[in-house]
Amino acid sequence: MKQLFILLITISVLSCNASKTVRDSKKVIKGDWILNSITYNQGGDYNATLLNDASNECFEGSVWQFIPNNNTGTYILDGANCSTDQRYFVFTIQEVDPTTGFYDFLLKPTDEKHKSETNQGFRLKLSALTSTSMEWQQLVNVAGSSFTMNMNFIKK
């Protein structure tokens, strides 16, 4: 209980100090989204494990819900051979460079009480956000080669 209280106080302080652009982004991200597609900036057929959870095939078509007033959310995977249990996470949007329009999107998987077993999170780039679409980017290394993975969402 004490840790949850400290987390809520920290989130409140960070939210108060957030720029207007970040506050506006949180308003836009609120609601339900579908991870429509995952693409790569280099050709090839990749089967990556995302968020230490499941393959990209399970993530395509997954439904995400963002609740920005407490920086939490959920997602449910999609696919014939994929576990469809609801997953929970906490997230933060941090302005990195207002001239490029990129933001850091920090996502940490948790249990339904917002506690993390591993305390491990993921840093993604929130590279595009409109009222109907959103794109995350992540730099991925495979066999010593770097490329960018794009996760494209549409508003439900």
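Source: prediction; values computed, not measured. The residue count restarts for each chain, going from 1 along the sequence in the order it is written. Confidence filtering applies because this is a predicted model: local features only for residues at pLDDT of at least 70, side-chain atom pairs given and counted only at 80 or more, and all residues used for totals across whole chains, interfaces and linings. Hydrogen atoms and water are omitted, and side-chain values are computed over all heavy atoms in the structure.

Caption draft 1: Here's a closer look at the overall build of the protein chain. Only runs of H or I of at least four residues qualify as helices and only runs of E of at least two qualify as strands under DSSP, and these elements are numbered from the N terminus. In terms of regular secondary structure, the protein chain is built from three helices and ten strands. In the protein chain, the succession of helices and strands from N to C terminus is α-α-β-β-β-α-β-β-β-β-β-β-β. Of the contacts formed within the protein chain by residues at least 6 apart in sequence, a portion of 43% connects residues at least 24 apart. Only carbon and sulfur atoms are counted for the fraction: they give 51% of the accessible area of the protein chain, which is about 9,100 Å². Note on contacts: a residue pair is in contact if any heavy atoms of the two residues lie within 4.5 Å. For accessible areas, the Shrake-Rupley method is used with a probe of radius 1.4 Å. Any residue's cover is judged against the shown protein chains and nothing else.

Caption draft 2: Quick peek at the pattern of salt bridges. Salt bridges are identified by distance alone: a Lys or Arg side-chain nitrogen within 4 Å of an Asp or Glu carboxyl oxygen. Using the criterion set out here, one finds three salt bridges in the structure. In this structure, Asp104 engages Lys125 in a salt bridge whose closest nitrogen and oxygen atoms are separated by 3.0 Å. A residue pair is termed long-range when its members are at least 10 positions apart, and Asp104 in strand 7 (residues 102-110) and Lys125 in strand 8 (residues 122-129) qualify at 21 residues. A 1.4 Å probe rolled over the protein chains alone gives each residue an accessible area, and that area as a share of the maximum for its type sets the label: buried under 20%, exposed over 50%, partly exposed in between. Asp104 sits in the buried class, given a relative accessible area of 9%. Through salt bridges with shared partners, one network takes in Asp104, Arg123 and Lys125.

Caption draft 3: Representation of the pairing of strand 8 within the structure. Inspection of the sheet shows strand 7 paired to strand 8 by five bridges, in the antiparallel sense. Counted as the bridge partner of Phe105 is Leu124 from strand 8. Of the pairings in the sheet, the one linking strand 8 to strand 9 (residues 133-142) comprises four bridges and is antiparallel in character. Each bridged residue has a counterpart across the sheet, and for Leu129 the counterpart in strand 9 is Met134. Here, a strand pair is defined by DSSP locating no fewer than two bridges between the strands. The loop that links strand 8 with its antiparallel partner strand 9 comprises three residues.

Caption draft 4: Representation of the side chain of Asn150 within the structure. With respect to the secondary-structure elements, Asn150 resides in strand 10 (residues 145-155). Assessed through its relative accessible area of 10%, Asn150 is described here as buried. Within the local environment of Asn150, its side chain forms a polar contact with the side chain of Gln137, the two groups lying 3.1 Å apart. Residues in contact with Asn150, not counting those within four places in the same chain, are Ser37, Ile38, Thr39, Asn41, Glu135, Trp136 and Gln137. Polar contacts, as used here, are pairs of N or O atoms within 3.5 Å; protein pairs need one atom able to donate a hydrogen and one able to accept it. Residues neighboring in sequence count only if both atoms are side-chain atoms.

Caption draft 5: View of the layout of surface pockets. Considered as a void within the structure, the second largest pocket measures approximately 290 Å³ in volume. Here the term cavity refers to a set of points on a 1 Å grid, laid over the protein atoms alone, in which a 1.4 Å probe fits but cannot get out; the term pocket refers to an open set having protein on both sides within 12 Å along at least five of seven lines, with lining residues being those that place an atom within 4 Å of a point. If you go around the second largest pocket, you meet 16 residues; those closest to its centre are Leu51, Pro109, Thr110, Glu117 and Thr118. Those elements that provide at least two residues to the lining of the second largest pocket are strand 6 (86-97) and strand 7. In terms of residue class, the lining of the second largest pocket is built from five nonpolar, six polar and five charged. Grid points are joined across faces, edges and corners, and a volume is the space filled by probe spheres set on the points. Side-chain classes are defined by residue name, with Ala, Val, Leu, Ile, Met, Phe, Trp, Tyr, Cys and Pro counting as nonpolar, Asp, Glu, Lys and Arg as charged, and the others, Gly among them, as polar.

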